[in-house]
Amino acid sequence: MIWRPYVSFNIWSQFASSVGQEYLHCDMKRGFSRARKKESLVKALLDQDTLPQHIGLQAQKGIYEFHQNTQLLTQSNSVAIVAEKLKLNQEPVEIKQRIIKILTNYYEKPMLSGKNILKLSRGDEGIPEPILIQQGNYLFNLFVAIDCIFIESDGRLHILDFKTGTSNFDRRQAFVYLLAASYMYPGQKAVASFYNLETNKWSEPITATANQLKAIQSKLAEIAQEHQKELRRYKQNPSAFAEIFPANPGIPCRNCQFTSICKFHPCEVSA
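Residue numbering note: each chain is counted from 1, following its sequence as written. Two thresholds apply to this predicted model, a pLDDT of at least 70 for residue-level local features and 80 or more for giving and counting side-chain atom pairs, whereas whole-chain, interface and lining totals are computed over all residues. Derived side-chain values reflect all non-hydrogen atoms in the structure, with water molecules and hydrogen atoms excluded from consideration.

Colleague: Before we go on, may I ask you to explain empty space enclosed by the protein in this structure?
Modeller: In this approach, a probe sized like a water molecule rolls over the atoms, and the result shows the empty space that is left. Both cavities and pockets are sets of points on a 1 Å grid over the protein atoms alone; in a cavity a 1.4 Å probe fits but cannot get out, in a pocket the set is open with protein on both sides within 12 Å along at least five of seven lines, and lining residues sit with an atom within 4 Å of a point. Grid points are joined across faces, edges and corners, and a volume is the space filled by probe spheres set on the points. As enumerated under the stated definition, the model contains 1 cavity of 30 Å³ or more in all. Around the largest cavity, the lining is made up of 15 residues, and of these Cys26, Met28, Cys253, Cys256 and Cys262 lie nearest the centre. Residue polarity follows a fixed list, in which Ala, Val, Leu, Ile, Met, Phe, Trp, Tyr, Cys and Pro are nonpolar, Asp, Glu, Lys and Arg are charged, and the others, Gly among them, are polar. A per-class count over the lining of the largest cavity returns 11 nonpolar, 3 polar and 1 charged.

Colleague: It is not clear to me how the packing of aromatic side chains should be interpreted in this structure. Could you clarify?
Modeller: Between two aromatic rings, the relevant description is the distance of the centres plus the angle of the planes. Side-chain rings of Phe, Tyr and Trp, where Trp is taken by its six-membered ring, are said to pair if the distance between their centres is within 6.5 Å; with planes under 30 degrees apart they count as stacked, over 60 as edge-to-face, and otherwise as tilted. According to the stated counting rule, one finds 10 aromatic pairs in the structure shown. With 6.5 Å between their ring centres and 90 degrees between their planes, Trp3 and Tyr6 make a pair best called edge-to-face. By the ring-pair criterion, three or more aromatic residues cluster together here, those being Phe32, Tyr234, Phe241, Phe245 and Phe258. Taking NZ or CZ as reference, Arg30 lies 3.9 Å from the ring centre of Phe15, over its face. Sitting over the face of the ring of Trp12, Arg172 holds its NZ or CZ atom 5.2 Å from the ring centroid. Either the NZ atom of lysine or the CZ atom of arginine qualifies as a charge over a ring when it sits within 6 Å of the ring centre and within 35 degrees of the ring normal.

Colleague: Mind showing me how you'd approach the sheet that holds strand β4 (residues 138–143) here?
Modeller: Strands pair in a sheet through their backbones, by hydrogen bonds, and they do so in one of two ways: parallel or antiparallel. Any two strands with at least two DSSP bridges between them are considered paired. Think of it this way: any DSSP run of H or I at least four residues long counts as a helix, any run of E at least two long counts as a strand, and we number them from the N terminus. Strand order in the open sheet formed by 3 strands is β1-β4-β3, and the pairing between neighbours is mixed. Lying at the two open borders of the sheet, with one neighbouring strand each, are β1 (6–8) and β3 (131–135). Geometrically, the sheet is characterised by an average inter-axis angle of 35 degrees between neighbouring strands, direction not taken into account. Bridge count for β1 against β4 is 3 bridges, and the pairing is parallel. By the bridge assignment for β4, Tyr6 is matched with Asn141. Its contacts with the sheet put helix α7 (residues 171–184) on β3 and β4, and the angle it makes with β3 is roughly 100 degrees. Between two residues, a contact is recorded if the distance between any of their heavy atoms is within 4.5 Å. Each axis is a line fitted through C-alpha atoms, taken for helices only over the stretch in contact, and angles between the N-to-C directions span 0 to 180 degrees. On top of the sheet, helix α8 (residues 210–236) reaches β1, β3 and β4; it is set at about 95 degrees to β4, its chief contact.

Colleague: Explain the pairing of strand β7 (residues 190–196) here, please?
Modeller: Only protein chains enter the accessibility calculation, which uses a 1.4 Å probe; a residue is then buried when its area is under 20% of its type maximum, exposed when over 50%, and partly exposed in between. Most of β7 sits inside the fold, with 7 of its 7 residues counted as buried. Side chains Ala190, Ala192, Phe194 and Asn196 of β7 all project onto a buried face; the interleaved residues Val191, Ser193 and Tyr195 project onto the opposite face, where all are buried too. One ladder, built from 7 bridges, connects strand β6 (residues 157–163) with β7; its direction is parallel. Opposite Asp161, over in β7, you have Phe194 as the bridge partner.

Colleague: How should the packing of helix α5 (residues 78–85) against helix α6 (residues 93–108) be read in this particular structure?
Modeller: Helix packing for two helices is described by the angle between their axes and how far apart those axes are. Closest axis-to-axis distance for the α5/α6 pair is 10 Å, and the angle between their directions is 135 degrees. Comparing the axis directions of α5 and α6 gives the class oblique. Between α5 and α6 the crossing geometry is right-handed. Note on element contacts: α6 touches α5 through Ile100, Leu103, Thr104 and Tyr107, opposite Ser78, Val79, Val82 and Ala83. Of the residues in the contact of α5 with α6, the class split is 6 nonpolar, 2 polar and no charged. Working rule for angles: under 35 degrees goes down as roughly parallel, over 145 as roughly antiparallel, 65 to 115 as roughly perpendicular, anything else as oblique. With the far helix as reference, a near helix turned anticlockwise by less than a right angle produces a left-handed crossing, and one turned clockwise produces a right-handed crossing.

Colleague: Help me understand the sheet that holds β7, please; the structure alone is not making it clear to me.
Modeller: Taken together, the 5 strands give an open sheet; going across it, the order is β2-β5-β6-β7-β8, and neighbouring strands pair in mixed fashion. Taken across any chain shown, the strands that pair with only one partner, and hence form the sheet edges, are β2 (116–120) and β8 (201–202). Bridge count for β2 against strand β5 (residues 148–151) is 4 bridges, and the pairing is antiparallel. Residue pairing for β5: Leu120 is matched across the bridge by Cys148. Sheet strands in contact with helix α4 (residues 51–68) are β2 and β6, and its direction is about 135 degrees off that of β2. The sheet contacts of α7 involve β5, β6 and β7, and relative to β7 the element is tilted by about 140 degrees.

Here it is as structure tokens:
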């Protein structure tokens, strides 16, 4: 495969937080996860899922299991069967309880039941195939990990992203999905939405015009270029790490996986 500059929604979200969440932003976190990801200490931390990541992955696997054997959607002991497949008995109590709640929620309200599902991911398939995008003379790869695609009764593609926890839906992610769909299924109308498996809350359906998709593509090209520029700066001068990726110690440290190796991490974070 020819190497090309790349971008994803995750990289975009690391460059800029969603509206209203700016106080959680920390460029140094991006520096650890992108520029220093091959260092042994950083890699060890990246190899460990955070609590939200782990719960999200287990929840995704659970939904996948329900639809691998659709009889589970009607069996009275299906939650226990799926819990056994996920080996929840090996999980800490907090995680086990939350996943059981998610499985029970889904069993009681299987929102994908009866849908014409084109794709349903387990969540652990690894890095997806990139989508090659040309913005002017600039070529870059877009990586998009889509949880689920089904076909609406009117023929539109519906791209669905599962959520857990209390995080807000980020419309930028939906627009990236819709841009990806325009390349994966050219000429086909599409809509994107989010569904929280713990609260059963479904976002409004999100669509995009051709001009909006052009704007998103242009923004992603800009981020891909900036991303490569920063990586080159760090590679040429590793001692400038904190200058290239400035830290924002405080509230962002609360859920940061790099606190054990970040010298800017405060011992106590004030409220």
